[in-house]
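Take a look at the letters that make up each chain.
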There are 2 protein chains.
Amino acid sequence: MSPKITTELLKQLRQVMKSPKYVQEPVQAYIVPSGDAHQSEYIAPCDCRRAFISGFDGSAGTAIITEQHAAMWTDGRYFLQAAHQMDNNWTLMKLGLKDTPTQEDWLVSVLPEGSKVGVDPFIIPADQWKRMSKALRSAGHDLVPVKENLIDTIWIDHPERPCKPLITLDLSYTGVNWRDKIVALRSKMAERKVPWFVVTALDEVAWLFNLRGSDVEYNPVFFAYAIIGMNTIRLFIDGDRMMDPAVKEHLQLDSTLEPEFKIQVMPYGSILSELQAVCASLSPKEKVWISDKASYALTEAIPKAYRYLTPYTPICIAKAVKNASETEGMRRAHIKDAVALCELFNWLEKEVVPKGTVTEIVAADKAEEFRSQQKDFVELSFATISSTGPNGAIIHYKPVPETNRTLSVNEIYLLDSGAQYKDGTTDVTRTMHFGTPSAYEKECFTYVLKGHIAVSAAIFPNGTKGHLLDSFARSALWDCGLDYLHGTGHGVGSFLNVHEGPCGISYKTFADEPLEAGMIVSDEPGYYEDGSFGIRIENVVLVIPAETKYNFKNRGSLTFEPLTLVPIQTKMIDVNLLTHKERNWVNDYHQKCREVIGAELERQGRHEALQWLIRETEPLIRVQ
Amino acid sequence: MSPKITTELLKQLRQVMKSPKYVQEPVQAYIVPSGDAHQSEYIAPCDCRRAFISGFDGSAGTAIITEQHAAMWTDGRYFLQAAHQMDNNWTLMKLGLKDTPTQEDWLVSVLPEGSKVGVDPFIIPADQWKRMSKALRSAGHDLVPVKENLIDTIWIDHPERPCKPLITLDLSYTGVNWRDKIVALRSKMAERKVPWFVVTALDEVAWLFNLRGSDVEYNPVFFAYAIIGMNTIRLFIDGDRMMDPAVKEHLQLDSTLEPEFKIQVMPYGSILSELQAVCASLSPKEKVWISDKASYALTEAIPKAYRYLTPYTPICIAKAVKNASETEGMRRAHIKDAVALCELFNWLEKEVVPKGTVTEIVAADKAEEFRSQQKDFVELSFATISSTGPNGAIIHYKPVPETNRTLSVNEIYLLDSGAQYKDGTTDVTRTMHFGTPSAYEKECFTYVLKGHIAVSAAIFPNGTKGHLLDSFARSALWDCGLDYLHGTGHGVGSFLNVHEGPCGISYKTFADEPLEAGMIVSDEPGYYEDGSFGIRIENVVLVIPAETKYNFKNRGSLTFEPLTLVPIQTKMIDVNLLTHKERNWVNDYHQKCREVIGAELERQGRHEALQWLIRETEPLIRVQ
């Protein structure tokens, strides 16, 4: 990896920072955040502006360029990578270290008095703008919105914003048609007496209209906004995608629908002016609902008195609770995914043990190949983490040629992977040994398994927030002085983003919404030993009602049902460390894998993988 | 209970609300909060202004009086009591119910345009002031500080502020002399470059100077403030308490101490003007440290640019971590407390079973009598919760003649009690049956016990916050659909307040500080069945380092050691519901009770109680 040479680019950027063509007044600093205009976790190439200007292409980082300096803030996952990818025009600001200044403090320390700091108001979320603006103002500077993105002005071969064809999802996938979703949304708006709602997150637009896209890798979304009124629907989307007969039919663009379901299709770029027009026509006391994470540009377009901000939108909350069709789709997707993984693991056992020629990248590609053979496969749901030995201890590892290791009978192999199928999204981690694991490796694996089971089998009252379950996943590790430094679970979309709000399981007490039946989250405790190995056991699980002996205050109880049905390698388990209940859990789980996935392997005529499944799901027997 | 007639009082109050003698401009509303000027949980009679004006004397409630209305906000614990104690001049505002307006919303709905709302700036915490002031301002009203407390102006027989003698604590109790505490505090101040610190909480003043008082019932504190500079100490305290030779000696008031340890004693009432004087002499960049929960009056006295606010003060955090002398004192206190309870329970068994003449109040008094026989007993640490049968389900119950029930062989008895000894503070709950408990009662008790053990025996990494342990206490109850609606534990002072910050164990994720070795908290899960019974098992436990097999990232691990050593009634335990590990925990705990408390009972010649202890600590044997 050689660093990107940025001298010329920075010179050009500093010129446009002063050019009256782009800025009303010169800006002495320019901020380049990571995100896109929708605060997406995964972004399209056209939005990788921070990577373009600096060379650093990790998933998190903020660049600030002044007349004299260029600095990059990123976190511990990326210190090495950023140092390698950036030339010496750049100063690396290591987040989380004591002596690292905040962006605000650094700006105040380097800027001449009364400076202007520019930022693209569509890229910066409103809450970040507020914090930074306040800090700068109190030091005599000004944060100013720069309409035209200054990086784009100097980016010669700037990729176009993707505008790929759409996929329409019928009722058998979504369970609810888009008109009924609009009705439900409007009833939430009526409840709060808010007659307008702005949809800014890409997965929320996709979910609302039962459409999917492929504008962003891994996330089946498309670039769009929507403004929903009590009687109007405006959809902001570019390209000729709306000319597709299937889409036209799906959205009933040509039919004589009731006026309140008539969709006005408008250019993506007209969201701001249309929102301003809506706001201009508001009568007093009418408000506009928007996520508090929306961009500064859109938030600011709504006069303060008319703004109705919430951390989670009603779409985000409705989307998290899967209906029967979505749940069934997720079940089907996980069955297909398990078939692919049984094939993969069977293949690995045959290849790794005698030949020793399988690398991390080969294994990841093979996993994708098996998945792509399954019905309704669309793409992967994230970059496969295929890691062996010490690479397994790098939690966000992705194999690249420079790091690519060969799987062997001497090392633990960790595979965290998933796919998008038209009927659901998967995300599964299994940790395997193709030789003979050491007693210590088995011990650690078994603690992680105990934590996995403790969450998966937990029974808890309705209304419980996911963060209250996090310690269950750690208790067995804690007993021996071990732990893992990541959360235990995240929400999973239904043929949508593999990470979604508003629920999760983490020691970080973010404002998660209570778990309710129909929500889907991951359960993925782990243990990582730097330089040696990584262990993680991840299932996607569905929140379901639990039958309990009593029912305090009639609150009802919940528990989880695993949707992922892939054997957990029994070779790695120290059976004597499991309780009777835990052993039963493993045996019941494997029995279910055998029944459900076995039937599907049989149906698909995958006999060798079926034999592998049967071997891997033999019941555990206590040996001492 | 007949309501207090407040017609005349309210008329007088409404007069002074308009009187130029007390207010610069008339106020159209006056707020009477619960607290005192130190945000104390327990308050002195002179500070019970809300109870005086309304008749309602529960521990939580805020009264607001306008020209037309009088309204009282309180929570679910007190709906009935407040309704009984207040006459029909008052409207009860039930907090937690959907239709109950906030104080701000209510004020806005009833006040004429441009109103002034008055409040005593010493009683309202700064953060509450800020919230309310903002809400009122945005509706065109003003929150204004009224210097003289208007309730006091109409309170004819207003009790005097208590000014009781002080107790000095020598090194054998405190482990650190007050000068070293000042040195440590100044080093924390130097670390943050804050040359001034204002001590506003009563327990923090008491702890800092190794003094105790009895100005407030149950809490061994005295009315005082302090301002600590890098070279000066100002103590604000009234009365001739500083003339006491022991106190003079203790604080070395007459000796030729180094100037930085010379205490300037000033009148309690001069805190505001002295703080203002300190602030007037500040050079730029010098700051004054004060709790963000301090009164509006004191916070406002510090110009905004000079304010350094933190949720927990360095004294609060230092105080929470007990040193060896304090820990040893707490151990001694808990041994004495256990002796008293062994006597009590032995006495109850003898009295309740054959005679049936013991009421809740009699039992509470008897507990106090036995405690008062112990060395260094000072007073109770809170009002004893002595409750039998259905009264046990009222979590904050305190027996009064109207509710006083007789203990019997047919009901569960719950006793939550504690004391202040010169060497430590205790707080213990035991739940007993004097006849034959039902299978269901035993089942519930055993789930609570499992939760108690799960917390007490938990091993967790250094740096873990208490709220991450809360679910351990509930897991066994949750499995059967049961739960309890209170937190699991609170910090406990060392011969100080029985409830203290900054740590605790609760599902409410308040900003608790991480647990560290030397902290002391309670472990008190419960189960309550309205109209039938209450169960709670509470020990005070000390955070201690844990030995673990491994040591991830060299973080080290912690666990708890029970300081409370009172038998847990084995008659109430369904042994078959306990795991092997849990049964061992109970047997080890009882073995320790027998050894430690047995020796002390022997030493004190309390042979009958010793026999009771031996009977109650027989090991559990699995019966199936």
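Thresholds applied
- Residues numbered from 1 in each chain as written.
- Chains lettered and ligands numbered in written order.
- Predicted model: local features only at pLDDT ≥ 70, side-chain atom pairs only at ≥ 80, totals over all residues.
- Heavy atoms only, no water.
- Patch = residues over 30% accessible without salt bridge, like charges linked within 9 Å, V, L, I, M, F, W, Y side chains within 5 Å.
- Areas by Shrake-Rupley, 256 points an atom, 1.4 Å probe, with all protein chains shown as cover.
- Salt bridge = Lys/Arg side-chain N within 4 Å of Asp/Glu carboxyl O.
- Lys, Arg positive; Asp, Glu negative; His and termini not counted.
- Charge placed at Lys NZ, Arg CZ, Asp CG, Glu CD.
- Helix = DSSP H or I, 4+ residues; strand = E, 2+ residues; numbered from the N terminus.
- Buried < 20%, exposed > 50% of the residue type's maximum accessible area, 1.4 Å probe, protein only.
- Contact = heavy atoms within 4.5 Å.
- Buried area = accessible area lost by both parts, 1.4 Å probe.
- Polar contact = N/O pair within 3.5 Å; in protein donor to acceptor, adjacent residues only side chain to side chain.
- Nonpolar A, V, L, I, M, F, W, Y, C, P; charged D, E, K, R; others polar.
- Phe/Tyr/Trp six-rings, centres within 6.5 Å; stacked < 30°, edge-to-face > 60°.
- Domains from an automatic or database assignment.
- Core = buried A, V, L, I, M, F, W, Y, C linked by side-chain atoms within 4.5 Å.
- Pairing = 2+ DSSP bridges.
- Axes fitted to C-alpha atoms, helices over the stretch in contact; angles between N-to-C directions.
- Expected span 1.5 Å × (residues − 1).
- Arc of directions from axis to C-beta.
- UniProt positions renumbered as here; feature names shortened; annotations may be inferred.
- Parallel < 35°, antiparallel > 145°, perpendicular 65-115°, else oblique.
- Right-handed = clockwise from strand over helix to strand, strands pointing away.

Turning our attention to a positive patch on the surface. Together, K130, K134, R137 and K304 of chain A together with K130, K134, R137 and K304 of chain B give the surface a local cluster of positive charge. Counting residues per element, the ones that place at least two in the positive patch are α5 (126-137) of chain A together with α5 (126-138) of chain B. Position of K134 of chain A relative to the elements: it lies in helix α5. Residue class for K134 of chain A comes out exposed when judged on its relative accessible area of 61%.

Right, let's get into the interface of chain A and chain B. Note: interface size is frequently given as the accessible area lost on complex formation between the parts. Taken residue by residue, the interface counts 34 residues in chain A and 34 residues in chain B. Carbon and sulfur atoms make up 60% of the surface buried where chain A meets chain B, a total of about 2,900 Å² over both sides. Area buried by chain A at its contact with chain B is led by W478, Y550 and F552 of chain A, which between them contribute 25% of it. Summed over the shared surface of chain A and chain B, the result is six salt bridges. The residue E443 of chain B makes a salt bridge to K549 of chain A at a minimum N-O spacing of 2.8 Å. Taken together, the connections running from chain A to chain B amount to 14 residue pairs in polar contact (both at pLDDT 80 or more). Listed by contribution, the elements that provide at least two residues to the side of chain A that touches chain B are α16 (439-456), β21 (460-461), α17 (470-479) and β25 (526-529) of chain A. Element by element, the count of residues in the side of chain A that touches chain B is highest for α17 of chain A, at five residues. Split by residue class, the side of chain A that touches chain B holds 17 nonpolar, nine polar and eight charged.

Residue and element names in this part refer to chain B. Of all the eight residues making up helix α9 (residues 202-209), eight are buried; the element is thus mostly covered by neighbouring parts of the structure. Here α9 has its buried residues at L202, D203, E204, V205, A206, W207, L208 and F209. Positive backbone phi, at 55 degrees, marks N210, one or two positions downstream of α9.

Counting across every chain of the model gives 41 aromatic pairs over all chains. Ring centres of F223 of chain B and Y268 of chain B lie 6.2 Å apart, and the angle between their planes is 75 degrees; on these two criteria the pair is classed as edge-to-face. Of this pair, F223 of chain B sits in the loop between β9 (211-212) and β10 (224-229) while Y268 of chain B sits in the loop between β12 (263-266) and α11 (271-280), and the two are 45 residues apart along the sequence. For the pair F223 of chain B and Y268 of chain B, one class covers both residues: buried. With a centroid separation of 5.2 Å and 10 degrees between ring planes, the pair formed by W585 of chain B and Y589 of chain B is classed as stacked. Taken as a pair, W585 of chain B and Y589 of chain B lie in helix α18 (residues 580-603) at a separation of four residues, close to a single helical turn. As far as burial versus exposure is concerned, W585 of chain B and Y589 of chain B are alike and both buried. Through successive ring pairs, a cluster of aromatic residues spans Y440, Y527 and F533 of chain A together with Y550 and F552 of chain B.

To continue, consider the pattern of salt bridges. Under the counting rule described, the total for this entry stands at 74 salt bridges over all chains. Ionic pairing is found between K319 of chain B and D203 of chain B, a salt bridge with its closest N-O pair at 3.1 Å. A residue pair is termed long-range when its members are at least 10 positions apart, and K319 of chain B in helix α13 (residues 314-320) and D203 of chain B in helix α9 qualify at 116 residues. Residue classification places K319 of chain B among the buried residues on the basis of a relative accessible area of 3%. Close ionic contact of K319 of chain B with E500 of chain B constitutes a salt bridge, the shortest N to O distance being 3.1 Å. Taken together, the positions of K319 of chain B in helix α13 and E500 of chain B in strand β23 (residues 500-505) put the pair 181 residues apart, joining distant regions of the chain. If you follow the salt bridges from partner to partner, you end up with D47, R49, D152 and R161 of chain A in one network.

Moving on: the domain arrangement of chain A. Residue and element names in this part refer to chain A. According to the domain assignment, chain A consists of domain 1 (6-154), domain 2 (167-318) and domain 3 (324-616). The distance between the C-alpha centroids of domain 2 and domain 3 comes to 34 Å. Every contact between the two is made by 21 residues of domain 2 and, on the other side, 23 residues of domain 3. When the buried area of domain 2 at its contact with domain 3 is split by residue, Y173, Y218 and Y312 rank highest and sum to 40% of it. Put simply, domain 2 and domain 3 have zero salt bridges between them. Across the domain 2-domain 3 interface, the total number found is five residue pairs in polar contact (both at pLDDT 80 or more). When residues in the side of domain 2 that touches domain 3 are grouped by element, the largest group, four residues, is from helix α7 (residues 171-174). In terms of residue class, the side of domain 2 that touches domain 3 is made up of 13 nonpolar, five polar and three charged.

Counting residues in each nonpolar core, the largest one holds 156 residues, and the members touching the most others are L348 and F560 of chain A together with L348 and F560 of chain B. In contact with F560 of chain B, other than residues within four places in its own chain, are V455, S456, A458, F460, L469, I505, L515, V521, V541, L542, V543 and I544 of chain B.

Residue and element names in this part refer to chain B. Read across the open sheet, the three strands follow the order β16-β17-β20; overall the sheet is antiparallel. Looking at strand neighbours, the two that pair on one side only are β16 (385-388) and β20 (428-433), the edges of this open sheet. Direction aside, the axes of adjacent strands within the sheet are offset by 10 degrees on average. Two elements, β16 and strand β17 (residues 412-417), share four bridges in a ladder whose sense is antiparallel.

A separate point is the environment of G489 of chain B. Residue and element names in this part refer to chain B. Residue placement: G489 occurs in strand β22 (residues 489-491). Classification of G489 as buried rests on a relative accessible area of 14%. Taking the C-alpha atoms as reference points, G489 and S522, separated by 33 residues in sequence, lie 4.6 Å from one another. Apart from the residues within four sequence positions on either side, G489 is in contact with G504, I505 and S522.

Residues and elements named next belong to chain B. Between its terminal C-alpha atoms helix α8 (residues 178-191) stretches 20 Å, which fits the 20 Å expected from 14 residues at 1.5 Å a residue. Those residues of α8 that sit buried are W178, K181, I182, L185, R186 and M189. Looking straight down α8, one finds its buried side chains confined to an arc of 135 degrees; they lie on one side. Backbone nitrogen of R179 and a side-chain oxygen of the N-cap are separated by 3.0 Å at the start of α8; the cap is N177. One or two positions beyond α8, positive phi appears at K193, with a value near 55 degrees.

Below, the discussion takes up the UniProt feature "domain: Peptidase M24 C-terminal" (unreviewed entry) in chain A. Taking the UniProt record as the reference, the feature "domain: Peptidase M24 C-terminal" (unreviewed entry) is found at residues 558-620 of chain A. Secondary structure content for residues 558-620 of chain A is 54% helix and 8% strand, while the C-alpha to C-alpha distance between its ends is 27 Å.

Residues and elements named next belong to chain A. Where helix α14 (residues 324-355) contacts helix α19 (residues 607-616), the axes come no closer than 9 Å and their chain directions differ by 85 degrees. Judged by the inter-axis angle, α14 sits roughly perpendicular to α19. Along the contact surface, α14 presents C342, E343, F345, N346, E349 and K350, while α19 presents E608, A609, W612, L613, R615 and E616. Across the contact of α14 with α19, the residue classes break down as five nonpolar, one polar and six charged.

This next bit is on the pairing of strand β14 (residues 307-310) of chain B. Residues and elements named next belong to chain B. Taken together, the four bridges between strand β13 (residues 288-291) and β14 define a ladder with parallel strand orientation. Each residue of the ladder has a partner; that of W289, found in β14, is Y308. Taken together, β13, helix α12 (residues 296-301) and β14 form a β-α-β motif whose crossover is right-handed.

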